[in-house]
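Descriptive structure summary
Single-letter residue listing:
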Amino acid sequence: MSLPEVVSRAEWRAARGELLGREKAATRARDALNAERRRLPMVEIEEEYLFEGGDGKATLLDLFEGRSQLVVYHFMFAPEWDAGCRSCSAFLDQIGHLAHLKARGTTFAAVSRAPYTRILPFKARMGWTVPWYSSYGGDFNRDFEVTLEQDGRLVERPGLSCFLRERDRVFHTYSTFERGLDGLGSTTSLLDLTALGRQEEWEEPEGRASALGAPAGSERVRYHDEYEE
């Protein structure tokens with residue numbers, strides 16, 4: 001096994017300081033990239049997608065649960081499978097308490113092509129409480145390019161899509177797939193993919209921190225049992 005070189009504390013501090021400079025540059029570059037993502041145009045969703053969840057049938061608008069934004073994790077679970085994808089399961093395992101997303105007007109949900117009757121027992125086995133819907137029989141997965149046809153058969157791939165709501169109008173703002181999911185899972189990493197971002201005053205473009213009519217990002221952080229819907 002190849003291990004790091006052993007050096008003195010002074011040498012380590014010097015090497016760490018040099019790396020820190022590059023890390024800060026990467027952070028600034030990431031902030032700039034996130035701003036470019038928020039400047040992307042959006043597409044209005046006119047299709048009448050229908051899902052099934054714990055409360056029965058639901059539209060895409062219903063998945064927002066009344067909030068302004070929706071983050072959908074495209075969980076790989078084909079109709080003929082007995083269990084969900086292992087990698088997708090590992091991703092969902094790392095999703096934290098959803099109260100911090102909800103406080104920023106953002107709902108998180110998983111969607112799979114499997115019938116809800118297959119999703120429900122697997123969800124119970126995994127002990128997850130995140131909203132999870134079935135798109136079985138519809139075109140949602142195909143339209144958002146997570147179910148693809150290859151060599152005459154359907155294949156699944158993981159992905160994540162973000163949506164924005166303006167009253168009863170729904171817009172698709174962003175999607176990413178496969179390696180684009182690396183490093184995601186925390187509240188801030190998910191918000192960085194959305195049109196409204198973290199809703200901090202320093203974010204570009206200006207004017208979105210107060211879009212929900214609430215204090216800017218970090219000022220509204222609470223213990224998760226102190227938030228009010």
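Residues numbered from 1 in each chain as written. Predicted model: local features only at pLDDT ≥ 70, side-chain atom pairs only at ≥ 80, totals over all residues. Heavy atoms only, no water.

The omega angle of the peptide bond from Glu204 to Pro205 is -5 degrees, so this bond is cis rather than trans. Looking at the secondary structure, you find Pro205 in the segment after α7 (187–191). Phi is positive for Arg167, close to 55 degrees, though the residue is something other than glycine. Given the relative accessible area of 68%, Arg167 is considered exposed. The backbone of Gln199 sits at a positive phi, close to 65 degrees, despite the residue not being glycine. Locating Gln199 in the fold gives a position in the segment after α7. (Helix = DSSP H or I, 4+ residues; strand = E, 2+ residues; numbered from the N terminus. Buried < 20%, exposed > 50% of the residue type's maximum accessible area, 1.4 Å probe, protein only.)

Formed by 29 residues in total, the largest nonpolar core has its most connected members in Tyr73, Phe75, Leu92, Ile95, Phe108, Trp132 and Leu160. Looking at this core, the elements that each hand over two or more residues are β4 (69–74), α3 (86–93), β5 (106–112), α5 (116–126), β9 (159–166) and α7. In contact with Phe108, other than residues within four places in its own chain, are Val71, Tyr73, Leu92, Ile95, Leu98, Leu101, Val130, Pro131 and Leu190. Among the nonpolar cores identified, the runner-up in size contains 16 residues, and Tyr49, Phe51, Leu63 and Ala109 belong to it. (Core = buried A, V, L, I, M, F, W, Y, C linked by side-chain atoms within 4.5 Å. Contact = heavy atoms within 4.5 Å.)

Enumeration over the complete set of coordinates arrives at 13 salt bridges. Glu44 is the partner of Arg169 in a salt bridge, and the nearest nitrogen-oxygen pair spans 2.9 Å. With Arg169 in strand β10 (residues 169–177) and Glu44 in strand β1 (residues 43–44), the pair connects residues that are 125 residues apart, well separated along the chain. A relative accessible area of 40% places Arg169 in the partly exposed class. By relative accessible area, which is 30% here, Glu44 ends up partly exposed. Arg179 is the salt-bridge partner of Asp182, the closest N and O atoms lying 2.4 Å from each other. The class for Asp182 is partly exposed, based on a relative accessible area of 48%. Owing to a relative accessible area of 68%, Arg179 belongs among the exposed residues under this scheme. (Salt bridge = Lys/Arg side-chain N within 4 Å of Asp/Glu carboxyl O.)

For the rest of this paragraph, the subject is the packing of aromatic side chains. By convention here, two paired aromatic rings are described through the distance between centres and the angle between planes. By the definition in use, this model includes 15 aromatic pairs. On the numbers, 6.2 Å between centres and 90 degrees between planes, the contact of Tyr73 with Phe75 is edge-to-face. A single burial state applies to Tyr73 and to Phe75, both of which are buried. Their ring planes at 10 degrees and their centres at 4.3 Å tell us that Tyr73 and Phe91 sit as a pair that is stacked. You can see Tyr73 sitting in strand β4 and its partner Phe91 sitting in helix α3, a full 18 residues away along the chain. Taking relative accessible area as the criterion, Phe91 reaches 8% and is therefore assigned buried. One aromatic cluster is present, built from ring pairs that chain together Tyr73, Phe75, Phe77, Phe91, Phe122, Trp128 and Trp132. For the cation-ring pair, Arg9 lies above Trp12, with the distance from its terminal atom to the ring centre recorded as 5.4 Å. For the cation-ring pair, Arg37 lies above Tyr174, with the distance from its terminal atom to the ring centre recorded as 4.9 Å. (Phe/Tyr/Trp six-rings, centres within 6.5 Å; stacked < 30°, edge-to-face > 60°. Lys NZ or Arg CZ within 6 Å of the ring centre and 35° of its normal.)

Attention shifts here to the side chain of Ser134. As for its position among the elements, Ser134 is in strand β6 (residues 132–134). On the basis of relative accessible area, Ser134 is assigned to the buried category, the value being 4%. In terms of polar contacts, Ser134 uses its side chain to reach the backbone carbonyl oxygen of Ala114, at 2.6 Å. If we skip the residues at most four places from it in the chain, Ser134 touches Leu50, Phe51, Glu52, Ser112, Arg113, Ala114, Pro115, Tyr116 and Ile119. (Polar contact = N/O pair within 3.5 Å; in protein donor to acceptor, adjacent residues only side chain to side chain.)

Residue pairs spaced three or four apart in an α-helix point in one direction, given the helix's 3.6 residues per turn. Residues of α3 that are buried: Cys88, Ser89, Phe91 and Leu92. End-on view of α3: buried residues confined to an arc of 155 degrees, all on one side of the axis. Turned more than 90 degrees off the buried face of α3, the exposed positions are Arg86, Ser87 and Asp93. Residues of α3 that are buried in the fold lie against β4, β5, α5 and β9. (Arc of directions from axis to C-beta.)

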